[in-house]
Structures are given as C-alpha cells and as structure tokens.
Amino acid sequence: MVNTIKFMDKDYEERLENMVISRHEIDEDIDNSVCSILNSVRKNGDEAILSYTKDFDRLKLSNSFDLRIKQEEIEKAISSCPNEILLALKRAKTRIETYHKKQLPKDYDYVDEEGVQLGSRWTSMSSVGVYVPGGRASYPSSVLMNVVPAKVAGVERVVMVVPAPDGQLNSSVLAAAYISGVDEIYRMGGAQAIGALAYGTETIRPVDKIVGPGNAYVALAKRKVFGLVGIDMIAGPSEILVVADASNNPSWIAADLLSQAEHDENAQPILICDSEVFAATVTEIIEEQLITLPREPIARSSWEQNGTIIIVENLCDVAGLINRIAPEHLELAVENPNIILENVRNAGAVFLGVFTPEAVGDYIAGPSHVLPTAGNARFSSGLGVLDFLKRTSVIRCNQKSFAKICDSAETLANEEGLHAHALSLSLRRRQT
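Residues numbered from 1 in each chain as written. Predicted model: local features only at pLDDT ≥ 70, side-chain atom pairs only at ≥ 80, totals over all residues. Heavy atoms only, no water.

## Re unusual backbone geometry
To keep things clear, this is the line we draw: A run of DSSP states H or I qualifies as a helix once it reaches four residues; a run of E qualifies as a strand once it reaches two. Both are numbered from the N-terminal end.
Of note, R58 is a non-glycine position whose phi angle comes to about 55 degrees, a positive value. Assignment of secondary structure puts R58 in the loop between α3 (46-57) and α4 (71-80). With a phi close to 55 degrees, A374 is a non-glycine residue in the positive phi region. Checked against the element boundaries, A374 lands in the loop between α15 (358-363) and β14 (389-396).

## Some thoughts on the sheet that holds strand β3 (residues 117-124)
Our working definition: Paired strands are those between which DSSP finds at least two bridges. Axis definition: a line fit to C-alpha positions, over the contact stretch in the case of helices; interaxial angles, taken between N-to-C directions, run 0 to 180 degrees.
Taken in spatial order, the three strands line up as β2-β3-β14 in an open sheet, and their pairing is antiparallel. Pairing within the sheet leaves two strands with one partner each, and these edge strands are β2 (108-111) and β14. Strand-to-strand twist of the sheet, defined as the mean angle between neighbouring strand axes without regard to direction, takes the value 15 degrees. Bridging between β3 and β14 involves eight bridges; their strand directions are antiparallel. Within β14, the position partnered with L118 by the bridge is I395.

## Re the packing of helix α8 (residues 190-199) against helix α9 (residues 216-225)
We apply this condition: For classification purposes, angles smaller than 35 degrees are called roughly parallel, those larger than 145 roughly antiparallel, those between 65 and 115 roughly perpendicular, and all remaining angles oblique. Helix crossings are classified by the rotation of the near helix relative to the far one: an anticlockwise turn of less than a right angle makes the crossing left-handed, while a clockwise turn makes it right-handed. Contacts between residues were defined by any pair of non-hydrogen atoms, one from each residue, lying within 4.5 Å. Polar here means any residue outside two lists: the nonpolar Ala, Val, Leu, Ile, Met, Phe, Trp, Tyr, Cys and Pro, and the charged Asp, Glu, Lys and Arg; Gly therefore counts as polar.
It is the contact of α8 with α9, at a shortest axis distance of 8 Å, that shows an interaxial angle of 25 degrees. Viewed along their axes, α8 and α9 adopt a mutual orientation that is roughly parallel. Crossing geometry of α8 relative to α9 is assigned as right-handed. Seen from α8, the contacting residues are G190, A191, I194, A198 and Y199; seen from α9, they are Y217, V218, A221, K222 and V225. Taken together, the residues of the contact of α8 with α9 sort by class into eight nonpolar, one polar and one charged.

## Re the pattern of salt bridges
The criterion, for reference: Whenever a carboxyl oxygen of Asp or Glu lies within 4 Å of a side-chain nitrogen of Lys or Arg, that contact is scored as a salt bridge. Each residue gets one of three labels from its accessible area relative to the maximum for its type: buried under 20%, exposed over 50%, partly exposed in between, using a 1.4 Å probe on protein chains only.
Following the criterion strictly, the structure yields 15 salt bridges and no others. The salt bridge partner of E184 is R205, with a shortest N-O separation of 3.5 Å. Of this pair, E184 sits in strand β6 (residues 184-187) while R205 sits in the loop between α8 and β7 (209-211), placing them 21 residues apart in sequence. Taking relative accessible area as the criterion, R205 reaches 52% and is therefore assigned exposed. A salt bridge links K222 to D232, with the nearest nitrogen and oxygen atoms 2.7 Å apart. Of this pair, K222 sits in helix α9 while D232 sits in the loop between β8 (230-231) and β9 (239-244); the two residues are 10 residues apart in sequence, bridging distant segments of the chain. Like K222, the residue D232 is buried in the burial classification. Shared partners join several salt bridges into a network, and the residues in it are E287, E296, R300 and E304.

## Examining the packing of aromatic side chains
Aromatic ring pairs are defined here through the distance separating the ring centres and the angle between the ring planes. The condition is simple: Stacked, tilted and edge-to-face are the three classes assigned to paired rings of Phe, Tyr and Trp, where Trp is represented by its six-membered ring and a pair needs centres within 6.5 Å; plane angles under 30 degrees give stacked, over 60 edge-to-face, the rest tilted. Criterion for a charge above a ring: Lys NZ or Arg CZ within 6 Å of the ring centre, and within 35 degrees of the ring normal.
Applying the stated criterion across every chain, the model contains two aromatic pairs. Between the aromatic rings of Y52 and F56, the centroid separation amounts to 5.6 Å while the plane-to-plane angle is 5 degrees, which identifies the pairing as stacked. Remark: F56 and Y52 occur in helix α3; sequence separation between them is four residues, near one turn of the helix. By relative accessible area, which is 14% here, Y52 ends up buried. Accessibility expressed as a relative area gives 42% for F56, which makes it partly exposed. Sitting over the ring of Y199, R42 keeps its end group 5.4 Å from the ring centre.

## Overview of the sheet that holds strand β12 (residues 329-333)
Sheets are built from strands that pair by backbone hydrogen bonding, the pairs being arranged parallel or antiparallel. Spatially, β1-β11-β10-β9-β12-β13 is the arrangement adopted by the six strands of the open sheet, whose pairing is parallel. The open sheet has two edge strands with one neighbour each: β1 (3-6) and β13 (349-352). Geometrically, the sheet is characterised by an average inter-axis angle of 15 degrees between neighbouring strands, direction not taken into account. Here four bridges tie β12 to β13, and the two strands are oriented parallel to one another. Following the sheet pairing, L332 is matched in β13 by L352. Relative to the sheet, helix α11 (residues 276-290) contacts β1, β9, β10 (268-273) and β11 (308-311), its axis offset from that of β11 by approximately 165 degrees.

## Some words on the nonpolar core
Going by this rule: As used in this record, nonpolar core signifies buried Ala, Val, Leu, Ile, Met, Phe, Trp, Tyr and Cys residues forming a set joined through side-chain atoms within 4.5 Å.
Of all hydrophobic cores here, the largest spans 39 residues; its most connected members are V143, M160, I185 and F388. Of all elements in the fold, only α4, α5 (83-101), β4 (127-131), α6 (140-153), β5 (157-162) and α7 (171-180) reach the threshold of two or more residues within this core. With eight residues, the top contributor of residues to this core is α6. Apart from the residues within four sequence positions on either side, F388 is in contact with T123, S124, M125, V128, N146, P149, A150, A153, V155, V211 and L383. Listed in part, the 31 residues of the second largest apolar core include I30, L67, Y186 and L197.

## Structural notes on empty space enclosed by the protein
The condition is simple: Computed over the protein atoms alone on a 1 Å grid, cavities are sets of points where a 1.4 Å probe fits but cannot get out and pockets are open sets with protein on both sides within 12 Å along at least five of seven lines; a residue lines them when it has an atom within 4 Å of a point. Grid points are joined across faces, edges and corners, and a volume is the space filled by probe spheres set on the points.
If you walk through the whole model with that rule in mind, you get two cavities of 30 Å³ or more. Of the voids in this model, the second largest cavity is the one considered here, and its volume is about 40 Å³. G212, P213, G214, V218, A219, K222, M233, I234 and A235 together form the lining of the second largest cavity. In the lining of the second largest cavity, the residues fall into six nonpolar, two polar and one charged.

Written as structure tokens, this is what we have:
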C-alpha cells in the first residue's frame, strides 16, 4: 500500500524523516562478489572477461577479439532500425549537442597588480568508458546522454561496454552509439566490464573515467575503482518528485509517477499535493494505468513499496520540503512554477509546468538525463561537459613580480615548518 504522509498527522515529521534518510544498503554478498570479480579481471584480464561473459551473459566467445563489436555488426544494426527510430535518435543527438556546447568554458589569462600572470586552461580527458545497460531493458537514450557531452568536451576515445545476454544486442543501442560517435564497443557488462575499463586487459586499453548507469553490481564496482579512474556518480534507483495542485489532469500526474516506477522495483515515485481528494484520484488512476503497462510487475512493486504521497497545507511553502528530499527529477506541475523554483536549491533536474513531463527530459529536451539520485542533488550535479574536462592553473612570475610576493610566501613556508619551500624562495629573493 502506498505510503501517505499528511501534514496534520502527529507523526508527520518522523515519517517524513524516515522517508528521506532511508537509503538502500549495500548487500554484503554483492560487495564480496564485486571484489572477487574485480580482482580476477585485474589479474587475469581477457581470460576473466571471457569467463564471466560465458557465466553471466550465457555467451561463449571463441577468443578475446570477439569481445569487440565490429563495424559490419553496427552497420547491420543500423539497417535494421526503423527509419523513425533513426530520425528520433539523430534529432535527440542534435538537441543534446546544442545544449552542451553552451556549457563549454573558456580559458582566461590576466596580470594582477603585482605583475603576476595568472590563468586557467581547460583540456579534455583522453578517454572515457560508457557503461550501457542491457538485459531486461535497452536504453539508446543513455548512449546519447553520456556520449554526446563527452564528444562535445573533446574526448578523443569513447569506449562503450554493453552486455549481450544470449548474444543479443539491441539494434537501436548500436545505432545510437554510431550516431553519437562512439569509437569502440565491447559486448560485456556487469562488474567485470567496469574492471576492464579501469584496469585494462590484453584487448581493452584502460580509460580515464567511467560513466553510465547500471545495476547494484555495476554501481558498487564503480565505487571501488574510483581513484584509479574517475567516475560520474554512484547512481541509485530512479526517483521522481511531482508537485501538483488540484487543477491538474490526474491521469497525467499518475502517468508521470509511473514513468519512473517502471524503471526498477526500487525506484521511488513521490507526489506532493495540497488535496486529499486529488491524491486519492491519482491513486485510483495509477491502478487503472498499471494493468496496461508491459512492465506492470516492476512498476507495481515500485509504487506499492516505495511510492509516497505527501499532503501539505500550502504548495507555496513546499520548497523547503523539496530541498530536504533533493530529488533526481522534480516536476513542478503548478500554475506558477517559478515561484517555487526561486527557492529550490536541491534537485537534479527541474521540469516546469504541466506540459513538461520528466519523460521529455529523458529523451529529447537537451540536458543529459544522467542525474544524482538518493539525495545526492544536495552536493552534486547532472552529467555535463565539465565532467569530461580538467582545469589547469597557469602561473608566471617575472623577477619584479616575484620580488613583490615572495616574502609572504617565505613567511608562510617557515610557519609551516617546510624549510625547503622557504629555501626555494629565499635563494631567488637574494637575486632580486
């Protein structure tokens, strides 16, 4: 039964806090399994990858060269894609590319009042690995949302890994890889694919950073290789928070909540509204819509286990509650969403107005749909161009500018007991 929290309930604050702080614990068995897989990949390389691919994906490859998906396979996949799918992918790619080009930062350079030249320059990472889920669902949109920002940033080598259960690969995923500019594609998944990207094997060169969503094994593997390589984030199950007033079409709001529930049994759909009658209507319609969904078992489990309705007194004061939840997706389905938006600080992405459902952001709007989950929007952002760039400071002193600032640097070096630092400065100071 869906969890309903009402502002007038005596335990409102306690139940709200329990909802906010409840996060999915790391299963100890999963932790042990991931450690074992990563260690095996690090030690045994291709041999381990082939073995895990056979065991987990039921795919026996004759040699490591068969891990890489060849150009003819990609071309065959593209030719099998319906034209409307290819057109939609190309249109989405163009919109994502246009949006992310506006994120590109500029180098800067200036001389301060002491005559010290200071600046900053941006350079892209050399290589990035993109994990794309396979199995029960295939997501060509995830390919675009991860790869296009990397290519806009100037990453030269983008490597995609995607599991191929029973040897099956989704043609639209391969088409999206081609359209977005992926350089290498390998048929492998799970923690072993993360290990291959991080450590490298005889066949696969390691990358600088790994991005993309995956199951609990993938998320934990990314956590464990962080430091050796960069990662985008530790992504958990999807979340949506819909703020809706009673003037909304309840069918629309019901569908928006289910749009996230159908991702995963652990997904969390939340509705905040100021009308018990409206909330009850939405709940009834969700039941009607559930039976029409091909992924009903997943969506139903998500809604019944994790779905939450919060009844508040006044939607004008809801920003504090939003910031407390820090949702991945926030829909403000109210007449004047900007009034609420002004005070929202914690959200992965915000969708304004009744004609901006979260689904438009998943596919076609432009910003990447790779967003922080589990309240991480309090301190992190969605994937963007800056995730694939590095900022390098540039400093230059001439003799005069060095003379003007070295005494303070020398004082601080001596204060910290770092006398070689001080010596480095004093030897030059004597020449000025």
